[in-house]
Amino acid sequence: MERRAVVTAGTGGIGLETAVGLAARGLAVTVVGRDAARGARAVERIAATATGGAPRFVAADLSSLARVRSLAAELAADGPPHVLVNNVGAMFPERRRTAEGIEATFAVNHLSPYLLTELLLDPLRSGAPSRVVHVSSRAVVAARRTFRDVEPPGGYYAFHWYGRAKLAHLAYTLDLAERLRDSGVTVLAADPGGAATDMTNGTMRSPRIVSPPLRLLWPLVRRTFARSTAGPAAEAARPSVAAATDPAYAGRGGLLIGPGLTPVRPHRGATDPRTVADVLRLSRELAPLEAPPLEAPPLAPGPLAPGPRDAAD
């Protein structure tokens, strides 16, 4: 039977390299992205190394929860996926909101992969043994650890808000892993260690993405962060590929696979019971599994978010 994999934000950067690695290991890979031209180039590259089924591209703007719902239905109709890699991620230089009126950093980095995963759980169970891999980030160390509301108090600083959204998703990942223990679905997180992608080469160059107390130190912090990265995207994709395919991790849900391809300790905030409870509450309120009735989005300041970049870190 053909084994299938789905990689979100898979037309460039870490996502594309992850898709190439999965295809080389015999999986028929579907990559999800916004741009059809990038999608076509990605499929061509993946096909050159594929040893299993033919790769394909599905166009989807993952900043839209409505599109995430329809995407889940499309993917499920293709048959049970055996691997789901939620690689999507974005850091915005200024505060933005999605078309549904939700703060974009939290929506793209957490709510979108949360909703896609939840909607695909039944197909993943039917395709078991299967795996879910969520790409994390070392930016969680800069997170504001309050999740009573979708937006933390205080000003908008892209790096802190990005880390907060990634921390929320890591907390959800570890909770989901426990929930699905012994179900045949193994849930893992992957820490790419960073890489030279569109996001790291763009947004992170500005010291204004961090709070004022950190700005004087930001050049040093950024250099330290860069030195800790895994380098090229192909290297940074290795933890995701290992989490998705290494037999050593079969049935061992709840691990965070680091750049050394071995488990590393998750940030302690991801296992805090209050954090987990607040993240789950926000997720269920803002991204219900049943589509809410159509209504105008709430008025809110800030431009609408563009679609997420096709890169995770």
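Details of the structure are given in the entry above.
Attention here is on the structure that accompanies the text. If you're wondering where the values come from, they're calculated on a predicted model, not measured in any experiment.

Where helix H4 (residues 104-119) contacts helix H12 (residues 273-286), the axes come no closer than 10 Å and their chain directions differ by 80 degrees. On the basis of the axis angle, H4 is roughly perpendicular to H12. Counted together, Phe-106, His-110, Leu-111 and Tyr-114 of H4 and Val-279, Leu-282, Ser-283, Arg-284 and Leu-286 of H12 form the full contact between these two elements. Grouping the amino acids of the contact of H4 with H12 by side-chain chemistry returns 6 nonpolar, 2 polar and 1 charged.

The residue His-169 is located in helix H6 (residues 158-179) in this model. Of the polar contacts made by the side chain of His-169, one reaches the side chain of His-134; its length is 3.2 Å. If we skip the residues at most four places from it in the chain, His-169 touches Asn-109, His-110, Pro-113, Tyr-114 and His-134.

To find the voids left in a structure, one rolls a probe of water-molecule size over its atoms. Volume-wise, the second largest pocket comes out at about 220 Å³. Lining the second largest pocket are 14 residues, and of these Arg-3, Val-83, Arg-131, Ala-244 and Thr-245 sit closest to its centre. Put simply, the parts of the chain that give the lining of the second largest pocket at least two residues each are strand S5 (130-135) and helix H11 (238-245). Residue composition of the lining of the second largest pocket, by class: 5 nonpolar, 6 polar and 3 charged.

What counts as what
Residues numbered from 1 in each chain as written. Predicted model: local features only at pLDDT ≥ 70, side-chain atom pairs only at ≥ 80, totals over all residues. Heavy atoms only, no water. Axes fitted to C-alpha atoms, helices over the stretch in contact; angles between N-to-C directions. Helix = DSSP H or I, 4+ residues; strand = E, 2+ residues; numbered from the N terminus. Parallel < 35°, antiparallel > 145°, perpendicular 65-115°, else oblique. Contact = heavy atoms within 4.5 Å. Nonpolar A, V, L, I, M, F, W, Y, C, P; charged D, E, K, R; others polar. Polar contact = N/O pair within 3.5 Å; in protein donor to acceptor, adjacent residues only side chain to side chain. 1 Å grid on protein atoms, 1.4 Å probe; cavity = no way out; pocket = protein on both sides within 12 Å on 5 of 7 lines; lining within 4 Å. Points joined across faces, edges and corners; volume = space filled by probe spheres on them.

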